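# Observations on the three-dimensional arrangement
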Amino acid sequence: PWYMAALAMIGAAISGVTFISVPGSVAADSFSYMQMVLGFTVGQMVVAFVLIPLFYKMKVVSLYEYLDDRFGVGSHRTGAWFFFISKSLGAALRVYVVWLYTQQGGVKSLIWTDTLKTVCLVGSVVLCIVFIVRELGLTFPAALEAVRQSPYSQVFFFDDPRSAHYFWKMFWAGVFTLIAMTGLDQDMMQRNLSCASPRDSQKNIVLTALSQMVVIYLFLMQGVFLYLYICLLYTSDAADE
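Residues numbered from 1 in each chain as written. Predicted model: local features only at pLDDT ≥ 70, side-chain atom pairs only at ≥ 80, totals over all residues. Heavy atoms only, no water.

Our focus in this paragraph is a nonpolar patch on the surface. On the surface, a nonpolar cluster with roughly 580 Å² of combined accessible area is contributed by Phe 156, Phe 158, Trp 168, Trp 172 and Phe 176. Counting through the fold element by element, Trp 168 comes out in helix H10 (residues 167–183). Here Trp 168 falls in the partly exposed class, since its relative accessible area comes to 40%. (Patch = residues over 30% accessible without salt bridge, like charges linked within 9 Å, V, L, I, M, F, W, Y side chains within 5 Å. Areas by Shrake-Rupley, 256 points an atom, 1.4 Å probe, with all protein chains shown as cover. Salt bridge = Lys/Arg side-chain N within 4 Å of Asp/Glu carboxyl O. Helix = DSSP H or I, 4+ residues; strand = E, 2+ residues; numbered from the N terminus. Buried < 20%, exposed > 50% of the residue type's maximum accessible area, 1.4 Å probe, protein only.)

The structure is reproduced here in structure tokens:
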């Protein structure tokens, strides 16, 4: 089902590194990463309404079939081999596991496994926020207000075009990064192409885009709460001294 594919896409895009990198970026970059996430959302729409109709019209199972149709079997095989080699070098064990899943239950097994991964990862960040907020002694409304008032929670940066945080730099980087790393990547697109129809695949991508914004915002909130907690510990230690 398309909604299961959407959940699988979220889990496939999150890793243990996300728990470190996104909250850890808040001190230096505030919430500026959300600017790129907005670009991701536009990129998702391009994938949904430009690439998906094309791929379903051609009835491709793999993106490399498109290369075969446009440029011939040599291009198809070259693209497929580059994909295989890159994944083998980066994650040999994962290649074996994916092959095992495919032998046992095809892409359906992969999607259900990624869905379980999504539930575990998103549940983990929610629990992290709950525990940190509890240690800070804040109620839920007070916690949201603390995020709103924090200097770390600034999202938009329009003032300095030379800055790495400038809105249009991050926005367009997000658009093209998403199209390249999702819309043109077999590892991610196999989940979209497993939907029964182009319409279901488009609904999957739209839901993924909206869910991604929420999940990334949760990670950024976690970063604010971590810094508030560190400040609390520092203040307590200073008072003890």
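Now for the nonpolar core. Counting residues in hydrophobic clusters, the biggest one holds 44 residues, and the most contacted among them are Phe 31, Val 47, Phe 55, Met 189, Phe 219, Leu 220 and Phe 225. If you list the elements that add at least two residues to this core, you get helix H1 (2–13), helix H2 (16–24), helix H4 (33–58), helix H8 (107–136), helix H9 (140–149), H10 and helix H12 (198–240). In terms of residues, this core owes the most to one element, H4, which gives 10 residues. Contact partners of Phe 31, with chain neighbours within four places excluded, come to Val 26, Val 147, Tyr 152, Ser 153, Gln 154, Val 155, Tyr 217, Leu 220, Met 221 and Val 224. (Core = buried A, V, L, I, M, F, W, Y, C linked by side-chain atoms within 4.5 Å. Contact = heavy atoms within 4.5 Å.)

Once that is clear, we can look at the layout of surface pockets. Here the largest pocket is characterised by a volume of approximately 680 Å³. As for the largest pocket, its lining consists of 27 residues, of which Ala 12, Ala 13, Ile 14, Met 181 and Gln 212 are closest to the centre. Here the residues of the lining of the largest pocket sort into 14 nonpolar, 8 polar and 5 charged. (1 Å grid on protein atoms, 1.4 Å probe; cavity = no way out; pocket = protein on both sides within 12 Å on 5 of 7 lines; lining within 4 Å. Points joined across faces, edges and corners; volume = space filled by probe spheres on them. Nonpolar A, V, L, I, M, F, W, Y, C, P; charged D, E, K, R; others polar.)

All right, on to the packing of aromatic side chains then. A ring pair, where both rings are aromatic, is described by two values, the distance of the centres and the angle of the planes. Throughout the structure, instances matching the rule amount to 12 aromatic pairs. Both rings, one in Phe 156 and one in Phe 158, keep their centres 6.2 Å apart while their planes meet at 20 degrees; by these two values the pair is stacked. Relative accessible area serves as the criterion here: at 42%, Phe 156 is assigned to the partly exposed category. Classification of Phe 158 by relative accessible area gives partly exposed; the value is 47%. Here the aromatic residues Phe 156, Phe 158, Phe 167, Trp 168, Phe 171, Trp 172 and Phe 176 are joined through ring pairs into a cluster of three or more. (Phe/Tyr/Trp six-rings, centres within 6.5 Å; stacked < 30°, edge-to-face > 60°.)

No statement about biological role is implied by the geometric values presented.
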